[in-house]
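Working through the structure, step by step
Spelled out, the chains give:
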Amino acid sequence: MFMRKTFTVVVSLILLMLPSLSSYAANEEVSSKLVNIEKYESSKSTLVKKVSDSAISEASEQSLNRKESASSVHTSGNDESAPLSDKTSANEEGASIVHTSANGEGASSENTGRNDSSLNSEGDKSTLNNESVPPQIKELILIVDSQQMYNNGVLIMAPEKIIIKDDATYVPAKAVSQELGATVTYDARTKTIIAKKGDFTLTFKENAKSYTINEDTFQTAQAVAYTEKDIAFVQAKILAKAFGESIQQIEKNKVVITYGPAIIIPNDPPVAKFETDKDSYKIGEPIQYQDFSTDDKEIVESVWTNKEPAFFEAGDVTITLKVKDKEGLTNTASKTITIDEEIMYTEKEFGLTFAPIGGKIKGLGREILEFPEIEPNDSKQGGAPLVRINSPERITGELVHYTQTLEGSYRFTIHKQNALKSNVNLYFTAHNPTNEVARIKVTKLGVGGPALYLYQIGKAAVGNYLLAVQKPNSFEIVLQPGETKPILPKKYQTLAPNYSLTAYADIYSNVPVTYTVASLLPTSSLEKIPSLPVAARDGNHNRGVFTYSDKEKTINRLVGEKEERLIIGDGTIDTYQIGYDDLSKEEQINKGNRGVLYTVTFNKVAPNTIITVNARGGQYAGAFSVNGNVVHAVENGLLTNPAEAAVLHRTGEEEERVKIQFIPASGSNLPINIVFFKALEDEDKN
């Protein structure tokens, strides 16, 4: 957390003047702000101790001690302070402004070092009392309505004048930040200016009335920054708050910022700590975990071993938590619990009772194959034709994996893995071969990857497509005659070795367009694609155009009063698509109906029913939209064998209509079953 900066010793003598400022204490608003400051300041003692105990320079330690001693002097809980003017006022947290008139009234000679605060032509300037300020502390003097800046006596010319605007003093952001020892960058994507010095980072935007220092956000009465003549200006007091020791105005045209070396906050390792609600449990008894891990900055990763919601074998079990902070330091904690032989729930009973939506039910066995099959009252196929681009699945060089000229609406489904030992770029392009302007509209797009694990990619791609079904993420590409452009955004382009990508895209074109999927080395350009050879099919996967992309099933009778199942993707009860590959001139079978959007509607589902998906073909990780809510099956991981199921929905105390949409996920095995269970009654347990 950002440790708020405060006055240097320049303002410490103002403590002697507090009785004369009793009118401020009488103000209820100011009083409340001072209380807030005390709470905020209390967190700073930890930082001071850390810096004092480290090998940081003496100057940094003295700087922090000065800040601590002056932390409560005339600061307010917000940023809405009076602008620089000929009066003493309270300013925003940490960066206190001392205003003195031309004759020095309001500041003794001990504070300013001299009553005459003018600058002469040799660069002589007003300085802090040498006994109060260590030599490591420097002064930056800014001359208002001038480009002159004096950094520790050296004249520097700013790119534009320091000005007062809307009762606030603005300075060229980059130039003054650099004089204070900060580096400045600009994030064009977010239109954010970022200044950094040591462990303190200031971020702000043009015309905004808030800014952040590290993770803390502060409000301002005037604009934090603005741009003029292509130069960003920022309030001087904000730079002083982030990177300085203090800021004061001497006479009407001189602003003085004192500053010291960059402060690097030493990093302590995190502390891993957790508890369970008990030390011993029955078989199948729910276990509650509480994580009490801490870090001086932030824990970015927590890895558990054996953190199960319950255990189903008697004996001792050791649970471990390993935490990591931003700097990569780690710490580990372990606890051993005992599982008694007494049974509270079997594995199946526990899952049926406690598994959350997206969670697992284990211990199912082969009895599911004996469950009655649900026969739909109505089944139909439709939608746009489906283009499947999956063979060859592995990328082995610079090749065309698919190319065809099409017009109208199509759903494209792409699944590829990089088998090279170096990065490869995968392009999905559109080329306009006509003499007309082509308008291509991508109405829905769902992408998974590029990433290493196939099951994660397949699950993510389906989940993202289902979100696009609910809220289309459409965009348009315009092609002039003869023009070629990529369809997928650039962030999906590069595949590292063994990385894969899955994409679903619903696309419409107003004229014939040549669609191509090709792999290129990073050194090659799109112009090379027409000269590439066509990749041969691998014999295991499919490529081609299929007649439909949507499949609907409707079940009107009441389901869920008993254990029963709906079979998906087996090739017999739920038949496969037949298509044609124009490149190899061969008929194709889309085994598993990959890329097909299923919509299954159960018009009557009994109360207290658990709807699950069970992987019959082996490992499966997918996503399902259940009454408009996207559920990952499973939420963290995958179904590893036919003895597991993932919970998709639990009905309440009344009969419900349930609509489930999904695409059979790439990288997973089929068939799958949608299985219905009744919630257990107390007499059914064990």
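Before reading further, recall that the structure is shown in the block above.
Okay, so let's go over this structure. (Residues numbered from 1 in each chain as written. Predicted model: local features only at pLDDT ≥ 70, side-chain atom pairs only at ≥ 80, totals over all residues. Heavy atoms only, no water.)

A few points about the overall build of the chain
When its secondary structure is counted, the chain shows nine helices and 43 strands. For the chain, buried positions account for 48% of its 686 residues. Of all intrachain contacts in the chain linking residues separated by at least 6 positions in sequence, the fraction that spans at least 24 positions is 71%. Roughly 30,500 Å² of accessible area belongs to the chain as shown, and the carbon and sulfur atoms make up 48% of that amount. (Helix = DSSP H or I, 4+ residues; strand = E, 2+ residues; numbered from the N terminus. Buried < 20%, exposed > 50% of the residue type's maximum accessible area, 1.4 Å probe, protein only. Contact = heavy atoms within 4.5 Å. Areas by Shrake-Rupley, 256 points an atom, 1.4 Å probe, with all protein chains shown as cover.)

Considerations on the pairing of strand E5 (residues 168-172)
Within E5, five of the five residues are buried, which leaves it mostly tucked inside the rest of the structure. Two elements, strand E4 (residues 154-165) and E5, share three bridges in a ladder whose sense is antiparallel. Following the sheet pairing, lysine 165 is matched in E5 by alanine 168. Between the antiparallel neighbours E4 and E5 lie two residues, among them aspartate 166 with a positive phi of about 55 degrees. As paired elements, E5 and strand E12 (residues 231-235) share three bridges and run antiparallel to each other. Within E12, the position partnered with valine 171 by the bridge is valine 234. (Pairing = 2+ DSSP bridges.)

Describing the pattern of salt bridges
Going through the model one piece at a time under the given rule, you end up with 26 salt bridges. With a shortest N-O distance of 3.1 Å, aspartate 581 and arginine 543 are connected by a salt bridge. One end of the pair, aspartate 581, is in strand E35 (residues 577-581); the other, arginine 543, is in strand E32 (residues 543-546), and 38 residues separate them in sequence. Just as aspartate 581 is buried, arginine 543 falls in that class too. Because the salt bridges share partners, they merge into one network encompassing Arg411, Lys444, Asp506 and Asp550. (Salt bridge = Lys/Arg side-chain N within 4 Å of Asp/Glu carboxyl O.)

Considerations on the nonpolar core
Formed by 41 residues in total, the largest nonpolar core has its most connected members in Phe602, Val613, Phe624, Ile660, Phe662, Ile672 and Phe676. Per-element accounting of this core gives the leading share, five residues, to strand E37 (residues 597-605). Phenylalanine 676 has contacts with Ile374, Val559, Gly560, Lys562, Glu563, Glu564, Phe602, Val605, Thr609, Ile610 and Ile611, leaving out every residue within four places of it along the chain. If you look at the next biggest cluster of nonpolar residues, it comprises 35 residues, including Val171, Ala182, Ala195 and Ile213. (Core = buried A, V, L, I, M, F, W, Y, C linked by side-chain atoms within 4.5 Å.)

Concerning the sheet that holds strand E33 (residues 550-559)
Across a sheet, strands are paired by hydrogen bonds formed along the backbone, either parallel or antiparallel in direction. Strands sit in the order E22-E33-E37-E42-E39-E40 across an open sheet of six strands; the sheet is mixed. Of all strands in the sheet, those bounded by a partner on one side alone are strand E22 (378-382) and strand E40 (629-633). This sheet shows a mean twist of 20 degrees between the axes of neighbouring strands, independent of strand direction. In the sheet, E33 pairs with E37 via eight bridges, with the strands oriented parallel. When the bridges of E37 are listed, lysine 553 appears paired with valine 600. (Axes fitted to C-alpha atoms, helices over the stretch in contact; angles between N-to-C directions.)

Observations regarding the environment of valine 596
Position of valine 596 relative to the elements: it lies in the loop between strand E36 (586-590) and E37. On a C-alpha basis, the gap between valine 596 and proline 385 in space is 9.8 Å, while along the polypeptide they are 211 residues apart. The contact partners of valine 596, leaving out residues within four places of it in the chain, are Leu386, Arg411, Tyr548, Ser549, Asp550, Lys551, Gln577, Asn590, Phe662, Ile663 and Pro664.

Some details on a nonpolar patch on the surface
Taken together, the side chains of Leu452, Tyr453 and Tyr499 present a nonpolar region at the surface, about 280 Å² in accessible area. If you trace the backbone, tyrosine 453 turns up in the loop between strand E27 (438-451) and helix H9 (454-470). (Patch = residues over 30% accessible without salt bridge, like charges linked within 9 Å, V, L, I, M, F, W, Y side chains within 5 Å.)

Overview of the pairing of strand E31 (residues 500-520)
Burial analysis of E31 places 18 of its 21 residues in the buried class, the great majority of the element. Examined bridge by bridge, strand E25 (residues 399-418) and E31 share 17 bridges and lie antiparallel to one another. Residue pairing across strands places threonine 403 opposite threonine 516, the latter belonging to E31. Sheet topology places strand E26 (residues 424-431) next to E31; seven bridges connect them, and they run antiparallel. Bridging across to E31, tyrosine 427 finds its partner in alanine 518. Of the strand pairs in this sheet, E27 and E31 are connected by nine bridges, and their pairing is antiparallel. Following the sheet pairing, valine 447 is matched in E31 by alanine 503.

Side note on the environment of asparagine 151
Counting through the fold element by element, asparagine 151 comes out in strand E3 (residues 146-151). Classification of asparagine 151 as buried rests on a relative accessible area of 10%. Placed 29 residues apart in sequence, asparagine 151 and leucine 180 show a C-alpha to C-alpha distance of 8.7 Å. Beyond its immediate stretch of four places on either side in the chain, asparagine 151 contacts Glu139, Leu140, Ile156, Glu179 and Tyr259. Polar side-chain contacts of asparagine 151 include one of 2.6 Å to the side chain of glutamate 179. (Polar contact = N/O pair within 3.5 Å; in protein donor to acceptor, adjacent residues only side chain to side chain.)

Quick word on the packing of aromatic side chains
Counted under the stated rule, the structure contains 19 aromatic pairs. Both rings, one in tyrosine 226 and one in phenylalanine 233, keep their centres 5.2 Å apart while their planes meet at 5 degrees; by these two values the pair is stacked. In this structure tyrosine 226 comes out as buried when scored by relative accessible area, which is 6%. Grouping aromatic residues by their ring pairs yields a cluster made of Phe312, Tyr345, Phe350 and Phe354. (Phe/Tyr/Trp six-rings, centres within 6.5 Å; stacked < 30°, edge-to-face > 60°.)

Thoughts on the sheet that holds strand E7 (residues 192-197)
Reading across the sheet, the five strands line up as E6-E7-E8-E9-E10 and stay open at both edges, with antiparallel pairing between neighbours. Two strands lie at the open edges of the sheet, namely strand E6 (183-187) and strand E10 (216-219), each paired on one side alone. Geometrically, the sheet is characterised by an average inter-axis angle of 20 degrees between neighbouring strands, direction not taken into account. Both E6 and E7 contribute to a ladder of five bridges, which runs antiparallel. Paired with tyrosine 186 across the strands is isoleucine 193, a residue of E7. Across the face of the sheet, helix H7 (residues 236-243) comes into contact with E7, strand E8 (200-204), strand E9 (210-213) and E10 while running at roughly 155 degrees to E8.

Observations regarding the side chain of histidine 401
For histidine 401, the location among the structural elements is in strand E25. Among the polar contacts made by the side chain of histidine 401, one reaches the side chain of serine 519 at a distance of 3.0 Å. Setting aside residues up to four positions removed in sequence, histidine 401 forms contacts with Ile389, Ser391, Pro392, Ile395, Lys416, Val517, Ala518, Ser519, Ala535, Arg543 and Leu583.

Focus on the environment of leucine 369
Tracing the backbone through its elements, the reader meets leucine 369 in the loop between strand E21 (360-361) and E22. The spacing of leucine 369 and asparagine 673 is 304 residues in sequence and 9.6 Å in space, taken between C-alpha atoms. Ignoring sequence-local partners within four residues, the contact set of leucine 369 consists of Arg565 and Arg616.

Some words on H9
Taking 1.5 Å of rise per residue, 17 residues should cover 24 Å, and H9 covers 25 Å from first to last C-alpha, within 8% of that figure. The set of residues buried in H9 consists of Ile457, Gly458, Lys459, Ala461, Val462, Gly463, Tyr465, Leu466 and Ala468. (Expected span 1.5 Å × (residues − 1).)

Coordinates in, geometry out; function isn't part of it.
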